[in-house]
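Fold and contact review
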Amino acid sequence: MALDAKIPKGPLADKWTNHKNTIDLVNPANKRNIDIIVVGTGLAGGSAAATLAELGYNVKAFCFQDSPRRAHSIAAQGGINAAKNYQGDGDSTYRLFYDTVKGGDYRSREANVYRLAEVSANIIDQCVAQGVPFAREYGGLLDNRSFGGVLVSRTFYAAGQTGQQLLLGAYSAMNRQIGRGKITMYNRHEMLDVVKVDGKARGIIARDLVSGEIERHSAHAVVLGTGGYGNVFYLSTNAMGSNVTAAWKAHKRGAYFANPCYTQIHPTCIPVSGEHQSKLTLMSESLRNDGRIWVPKKKEDAEAIRAGKLKPTALAEQDRDYYLERRYPAFGNLVPRDVASRAAKERCDAGFGVNKTGEAVYLDFAAAFMRYGKEQAHVKGLDENDDALVKKLGQEIVKTKYGNLFQMYEKIVNQNPYETPMMIYPAVHYTMGGIWVDYNLQTTVPGLYAIGEANFSDHGANRLGASALMQGLADGYFVLPYTIGDYLSHDIRTGKIPTDTKEFEEAEKTVVDNINHLINNKGTHPVDYFHRRLGKIMWNKCGMARNAEDLKSAIHEISDLRAEFWKDVMVPGSADEFNEELAKAGRVADFLELGELFAKDALQREESAGGHFRDEYQTPEGEAMRRKEFQYVSAWEYKGEPKDAVLHKEELSYENIEVKERSYK
Amino acid sequence: MNLTLKIWRQKGANDKGKMVDYSISDVSPDMSFLEMLDVLNSELITKGEEPVAFDHDCREGICGSCSLYINGEAHGPDRGVTTCQLHMRMFKDGDVITIEPFRAKAFPVIKDLIVDRSAFDRIQHAGGFISVNTSGLTVDANAIPVNKHDADESFMAATCIGCGACVASCKNASAMLFVGAKVSQFALLPQGQVEATDRVLNMVKQMDEEGFGNCTNTGACEVECPKGISLENIARMNREYLAASLKG
Ligand SMILES: Cc1cc2nc3c(=O)[nH]c(=O)nc-3n(C[C@H](O)[C@H](O)[C@H](O)COP(=O)(O)OP(=O)(O)OC[C@H]3O[C@@H](n4cnc5c(N)ncnc54)[C@H](O)[C@@H]3O)c2cc1C
Ligand code: SF4
Ligand code: FES
C-alpha cells in the first residue's frame, strides 16, 4: 500500500480552512444513527468523546482506570502552548509552527504542525470558557511562561498542575454528555483487539477488568486515544498503567506503526535511587526558566560531592560549570530537551555527576531566589541589601510558581530544595512515534483513527515542551470531530453493526486464547521480572545514545526474552476475576514485541535526529547529525514477528520552511 | 527494615473479608509505600499465592488512584501526601502496619484494598461542569478577566484529586469536602455563575442519593486531605446551597 498522507492542496495557511470547507458532513439528524467508540479518555480521547457526543453521535468511551479523570494526562505539569501573542513578544501562528518543526528536527509533517499552531489559540479560549483556572496576572489577564527551545513566552499554565486542570476541563465536558446520556462510559475496561469487517474498523473486544468478562462492542468508527508507550523502558515518567496494547493490537490488524524509535528523554527528572524503583518522577521543565544547571568544574570536587564530603552550596561560583550556558549562549538553560539531556549525560559520563551513582546534575535556584527577592523587596519598600530577607521573599515567589514540584522533590529525595540544589537526570518521558495517521488522523485501516500521543504526526524527532497537551486537545476538540465526519458520511444508511458475526467471534477467540495461555502457563517468574529486564535492554541499548552493534544485539536479546516470557511467566489467579497481574502480563507481552520493532527502527535510521542519537552520526562538536536521505517517516507494516515487519516511507517535504542545521547556540 | 503487615484480604465484593498477617524483610527507607507492596506481591506470586490488589497509577500524587487506610489514617501517617508519595522512611524497623481499604457505604469494596469510588463521578455527571460547547468558537480568553485572588482560590479548590480520603476519614463518611471543592471551583469563576443555582442543588442531591453521610464539622477530612483542600470550601458550598434553595 502506498502511503497517502492526504494533505490538502493549496497554500499552507489555507489548507485546513479549505479542507473543512470541502469535506463531507453528516446531517445532524443522521448523527443519531451513528456510533463511535473512543478508547482512552485522556486529553485526546476525553476531548474527542465530549465533542463527538455534543455533535450528536452516540459515543462509547473506554478507559482502564476507574474514572476518566485519572488518565495519565492528569500528570502533565508545565503547561500548554498557544500562539496568542498576549505578551506582545512577537509570537504568531507561523512562529509557533516554525519552532515546532525546527524543534522536531524537521522530521514532522508540515501541514499537520501548521494546523496545530493555527488552532492552538482556540484551545485556550475553549478551556477558559469551561472554567479551567489558568494562572492569572494581577490585572485579571492570563499569565504566560516560557519553555525549552523557544524565545517567546507562549505557555499557559496552572501552577505545576496544568495537565490536571486541562483534563478536568475535558472530563467536565464529558460529564455533561454522560449526564445527557450521549456518552456511555466504560470505566475499568481494557481494549484488547480491534475488529475489522470488510476491511473497516467496526468494533473492539474489551475486557471488564473487574469481572474479567470479555465483551464485544461495535461502532461505525473506532478512535484510539490511548497514550504513549514510554513504559517499554519499564522506568519512565509515565503512569504505571500506560501501555502500548491498544496501539499494538491495531498494528497487528493493519495499522502501520510509525517511527517507533522516536522517544523523548526528558532532562529534568529525579534520578534513579535503587533497584526497587517502580517509576521516575519528572520535575517540570518550566523549572529551567528559573533554575540554572551546573556540575563542578573539577573532577576532585565532583568526587568529594559524591562521597558526601563537600556540599554543593559550599562550592564557589567560579568552580561551577554552567555547561548549558557555556555551550549554548543564546538559549542557555532553555535549550530543547534532547540537547539538554545529551549534555547532562555527556557531563556525567565524563565523571562530573553529583549523586552517589554519578548520574545527576544540579538544578539550582539560588540565583532565582535572590533575583525575585530583590524585586519583591523593592516593590514592598524593604531593605534590598538584607540577603536573608531577600532570599526568603524570593523563595516565597518561587513557591507560588513551583511549590508542588518542590514538595514532590522533597518527599522523594528527602532533601529540601529551597536549601540545596535539586539533583536531576534525564529519563524516558514521551514517545513521538505511534500509529501512522494521515491528515485526517485516520490510520491505514479505514475507520480507525488515532489521536494524541498514540499517533505519530506532529512532533517529529523531538517534542518541545508544552506541545503534547496542545496536540491532544487540538486533535480531540478541533480536528477529529471534523475529519471523521467525512468518513462517516458514507455510513448514514449502514444501521447498527451486529456483533454476532464471524469477525467478532474470531477476534474474541484470539483474545481469549491469549488470556488462557497466560493464565495456564504456571511459570516461575512474575510479570515485572520480565518487564524490568526488557527495560534494562531498552535503556542500555536503545536509550539516549545508540549504535548499530548494540541495536543488533538488542534485537536478539528482546526476541529471546520474549520466548522466555511465554515459557516462564507466572500469572496467578484466574481469568474471570479482578486480576491485575493478568492485565499486566498482556501489556508486557505487547511491549516485548514493540521493543523489538523499536530497536529495528532505530537500527534502520542511520542518522541522529532530535531525541534519537546514533553514536556513529555526530558532528565534531558532538551535536546530532541529520542526514537528508533520512528525511522521511518510517511506517512499519505488521507481517508476523517484528523482525519481518516491512518498512514503508513517507517522504517529508518542507515547502514553507528552510531545512537548516538545528542550532541553539 | 523488617516489618509485619496486617492486610485486609477480600476476594470480591460479595465475599467476607479478613485481616491476614505477612512479614516482609529488607525494606529500604527510600522505597515508597507502594513499592514496598510491590516487593511483597512479587514474593507472594513467586510462592504461588495471590498478590494483594490495590489501586494506583501515576505514583506521583496526582491521579488520585491510590487509597489505603494505613494504621488508621487515610494515606498513612505523613501529612499532605497520597499513599504513593508516602515513603518507608516514615516507619521503623519492627513496625506492625495495618493496611485496610477506604471504608464507606458509598465506596463498596471491589477486591482486597480496592474500593469503587464511582459515586464521585456520578455527582459530577449531575452538575460538575459549565455548559459550554466544545467548538472553541467562544470569546477570546482574555475577554473574561478573573481577579487573581479568585483565580488562585478556584485553582486551589480544583486541585482536589478525587481520592476519597476525606470520606474515609470522616466518621459519617461525608463527601462534603470533595463536593465543596468541586462547587467552589466554579462558584469562584465568572464563567460558573450562570448555572450556579442548578449546579449546587443537583450535585448535593446526587451526593445524598449516593449514600454519603452528613457533615458534623469535625474537620477530620481537612486533616487527612493530601491536597490541603480547606473547610472553607464546605462553608462556601453551604452558602451557595442556601442561596440556591431560597431562589429555587
Ligand atoms: C509527568 C509528565 C508531565 C508532562 N508534562 C507535560 C507538559 O507540561 N506539557 C505538555 O504539553 N505535555 C506534557 N506531558 C505529556 C502529556 O501529558 C501527554 O503526552 C498527554 O497527556 C497524552 O495524552 P493522551 O490523551 O494522548 O493520552 P493519556 O492521557 O495517556 O490517556 C490514555 C488513555 O487511554 C486509556 N487506555 C490506554 N490503553 C487502553 C486500553 N487498552 N483500553 C482502554 N483504555 C486504554 C487510558 O485509560 C487513558 O484514558 C507530560 C507527561 C508526563 C508523563
Ligand atoms: S477533598 Fe482532598 S481528600 Fe477529598 S477527594 Fe479531594 S483531594 Fe481527596
Ligand atoms: S497513584 Fe496517583 S495519586 Fe497515588
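Residues numbered from 1 in each chain as written. Chains lettered and ligands numbered in written order. Predicted model: local features only at pLDDT ≥ 70, side-chain atom pairs only at ≥ 80, totals over all residues. Heavy atoms only, no water.

1. What about the overall build of chain A?
- Across its full length, chain A holds 17 helices and 21 strands.
- Over its C-alpha trace chain A gives a radius of gyration of 25 Å, about what one expects of a compact globule, namely 26 Å for 665 residues.
- If you line up chain A on its principal axes, its C-alpha atoms span 80 × 60 × 50 Å.
- Relative to its full complement of 665 residues, chain A shows a buried share of 66%. (Helix = DSSP H or I, 4+ residues; strand = E, 2+ residues; numbered from the N terminus. Rg over C-alpha atoms; globule rule 2.2 N^0.38 Å. Buried < 20%, exposed > 50% of the residue type's maximum accessible area, 1.4 Å probe, protein only.)

2. Notes on the confidence of the model for chain B
- Residues with a pLDDT of 70 or more make up 100% of chain B, whose mean pLDDT is 96.
- Our summary of model confidence lists the complex with pTM equal to 0.97 and ipTM equal to 0.98. (pLDDT = per-residue confidence, 0-100.)

3. Here we look at the site of ligand 1
- The environment of ligand 1 is made up of 38 residues, and the closest members are Q65, S73, G78, M191 and E453 of chain A.
- Among the chains of the assembly, those with residues near ligand 1 are chains A and B.
- At a separation of 3.0 Å, an oxygen atom of ligand 1 approaches a polar backbone atom of A44 of chain A.
- Here an oxygen atom of ligand 1 sits 2.5 Å away from a polar atom, N or O, in the side chain of S73 of chain A.
- Alone, ligand 1 offers 1,000 Å² of accessible surface; in the complex the protein occludes 98% of this.
- If one sorts the elements of the shell around ligand 1 by residue count, strand β6 (residues 189-197) of chain A sits on top with 3 residues.
- Classifying every residue of the shell around ligand 1 gives 16 nonpolar, 18 polar and 4 charged. (Near = heavy atom within 4 Å. Polar contact = N/O pair within 3.5 Å; in protein donor to acceptor, adjacent residues only side chain to side chain. Areas by Shrake-Rupley, 256 points an atom, 1.4 Å probe, with all protein chains shown as cover. Nonpolar A, V, L, I, M, F, W, Y, C, P; charged D, E, K, R; others polar.)

4. Observations regarding the interface of chain B and chain A
- Across the boundary between the two partners, chain B contributes 71 residues, which contact 76 residues of chain A.
- Among the residues of chain B in contact with chain A, D57, E60 and T134 of chain B are the three that bury the most area, contributing 12% of the side total.
- Summed over the shared surface of chain B and chain A, the result is 7 salt bridges.
- In this structure, the salt-bridge partner of K11 of chain B is E577 of chain A, at a minimum N-O distance of 3.3 Å.
- Linking chain B with chain A are 42 residue pairs in polar contact (both at pLDDT 80 or more), by the criterion used here. (Contact = heavy atoms within 4.5 Å. Buried area = accessible area lost by both parts, 1.4 Å probe. Salt bridge = Lys/Arg side-chain N within 4 Å of Asp/Glu carboxyl O.)

5. Here we look at the packing of helix α7 (residues 245-252) of chain A against helix α17 (residues 580-604) of chain A
Residue and element names in this part refer to chain A.
- At a minimum axis separation of 9 Å, α7 and α17 run at an interaxial angle of 60 degrees. When the axes of α7 and α17 are compared, the pair comes out oblique. Pair α7 / α17 crosses with left-handed handedness. Seen from α7, the contacting residues are T245, W248, K249, H251 and K252; seen from α17, they are G586, R587, D590, E593, L594 and L597.
- Taken together, the residues of the contact of α7 with α17 break down into 3 nonpolar, 3 polar and 5 charged. (Axes fitted to C-alpha atoms, helices over the stretch in contact; angles between N-to-C directions. Parallel < 35°, antiparallel > 145°, perpendicular 65-115°, else oblique. Left-handed = near helix turned anticlockwise from the far one by under 90°.)

6. Focus on empty space enclosed by the protein
- A full pass over the atoms with the stated rule returns 11 cavities of 30 Å³ or more.
- Looking at the second largest cavity, its volume works out to about 750 Å³.
- In terms of lining residues, the second largest cavity is bounded by 49 residues, among which E580, K584 and R587 of chain A together with F54 and H56 of chain B are the most central.
- With 7 residues, α17 of chain A is the largest single contributor of residues to the lining of the second largest cavity. (1 Å grid on protein atoms, 1.4 Å probe; cavity = no way out; pocket = protein on both sides within 12 Å on 5 of 7 lines; lining within 4 Å. Points joined across faces, edges and corners; volume = space filled by probe spheres on them.)

7. Quick look at the environment of G181 of chain A
All names here are of chain A.
- Relative to the helices and strands, G181 is located in the loop between α6 (162-179) and β5 (183-186).
- A residue is classified by how much of its surface remains accessible, and G181, at 55% relative accessible area, is exposed.
- C-alpha of G181 to C-alpha of N58: the two residues are 123 residues apart in sequence and 8.8 Å apart in space.

8. Brief notes about the nonpolar core
Residue and element names in this part refer to chain A.
- Counting 157 residues, the largest nonpolar core has I80 and F134 as its most contacted members.
- When residues in this core are grouped by element, the largest group, 12 residues, is from helix α13 (residues 468-488).
- Not counting residues within four places of it along the chain, the set of residues in contact with I80 comprises I123, I124, F134, R154, T155, F156, T162, L166, A466, L469, M470 and L473.
- Counting residues in hydrophobic clusters, the runner-up holds 41 residues, among them I270, V339, F352 and L363. (Core = buried A, V, L, I, M, F, W, Y, C linked by side-chain atoms within 4.5 Å.)

9. Brief notes about the layout of surface pockets
Residues and elements named next belong to chain A.
- One number sums up the size of the second largest pocket: a volume of about 990 Å³.
- In this structure, the second largest pocket is lined by 41 residues; those nearest its centre are K345, E359, Y425, W539 and N540.
- Elements supplying a minimum of two residues to the lining of the second largest pocket: α10 (337-352), β15 (422-431) and α15 (527-542).
- Sort the elements by how many residues they give to the lining of the second largest pocket and α10 lands first, with 6 residues.
- Along the lines of polarity and charge, the residues of the lining of the second largest pocket split into 19 nonpolar, 10 polar and 12 charged.

10. Some words on the sheet that holds strand β9 (residues 221-224) of chain A
Residue and element names in this part refer to chain A.
- Here we have 5 strands laid out as an open sheet, ordered β5-β2-β1-β9-β17, and parallel in their pairing. Sheet topology places β5 and β17 (448-450) at the edges, where each strand pairs with a single neighbour. Neighbour-to-neighbour, the strand axes of this sheet turn through a mean angle of 20 degrees, independent of strand direction.
- Looking at chain direction, β9 and β17 are connected through 3 bridges and run parallel. Along β17, the bridge assignment pairs L224 with A450. (Pairing = 2+ DSSP bridges.)

11. Describing the side chain of Q264 of chain A
Residue and element names in this part refer to chain A.
- Along the polypeptide, Q264 turns up in strand β11 (residues 263-269).
- Overall, Q264 belongs to the buried group, its relative accessible area being 1%.
- A polar side-chain atom of Q264 sits 2.7 Å from the main-chain carbonyl oxygen of R463.
- The residues contacting Q264, other than those within four sequence positions of it, are R337, A427, V428, H429, Y430, M432, N462 and R463.

12. Overview of α10 of chain A
- Of all 16 residues in α10 of chain A, 12 are buried, a share of seventy percent or more.
- Inspection of α10 of chain A places R337, D338, V339, A340, S341, R342, A343, A344, R347, C348, G351 and F352 of chain A among the buried residues, and these make up the whole buried set.

13. Let's talk about the pairing of strand β14 (residues 361-364) of chain A
Residue and element names in this part refer to chain A.
- Of the two faces of β14, both are covered, the one formed by V361 and L363 as well as the one formed by Y362 and D364.
- Bridge analysis of strand β12 (residues 292-296) against β14 gives 3 bridges, and the strand direction is antiparallel. Each residue of the ladder has a partner; that of R292, found in β14, is D364.
- Note: β14 against β15, 3 bridges, orientation antiparallel. Within the sheet, the bridge partner assigned to V361 lies in β15 and is I424.

14. Brief notes about the sheet that holds β6 of chain A
Residues and elements named next belong to chain A.
- The strand order β6-β7-β8 describes an open sheet built from 3 strands, whose pairing is antiparallel. Each end of this open sheet is capped by a strand with a single partner; those strands are β6 and β8 (214-218). Ignoring which end each strand starts from, the neighbouring axes of this sheet average 25 degrees apart.
- Strand direction decides the pairing type here: β6 and strand β7 (residues 200-208), joined by 8 bridges, are antiparallel.

15. Let's talk about the site of ligand 2
Residue and element names in this part refer to chain B.
- In the vicinity of ligand 2, 13 residues are found, and the nearest of them are C160, C163, G164, C166 and C225.
- Within the residue set of the shell around ligand 2, elements represented by two or more residues are α4 (165-169) and α5 (176-187).
- Grouping the amino acids of the shell around ligand 2 by side-chain chemistry returns 11 nonpolar, 2 polar and no charged.

16. A closer look at helix α1 (residues 33-46) of chain B
- Between its first and last C-alpha atoms α1 of chain B spans 20 Å; for 14 residues at 1.5 Å apiece the expected length is 20 Å, and the two agree.
- Burial runs high along α1 of chain B: 10 of the 14 residues are buried.
- Residues of α1 of chain B that are buried sit in contact with α17 of chain A together with β1 (3-9), β2 (18-24), β3 (69-70) and β5 (96-100) of chain B.
- With its phi angle positive at about 85 degrees, G48 of chain B sits one or two positions after the end of α1 of chain B. (Expected span 1.5 Å × (residues − 1).)

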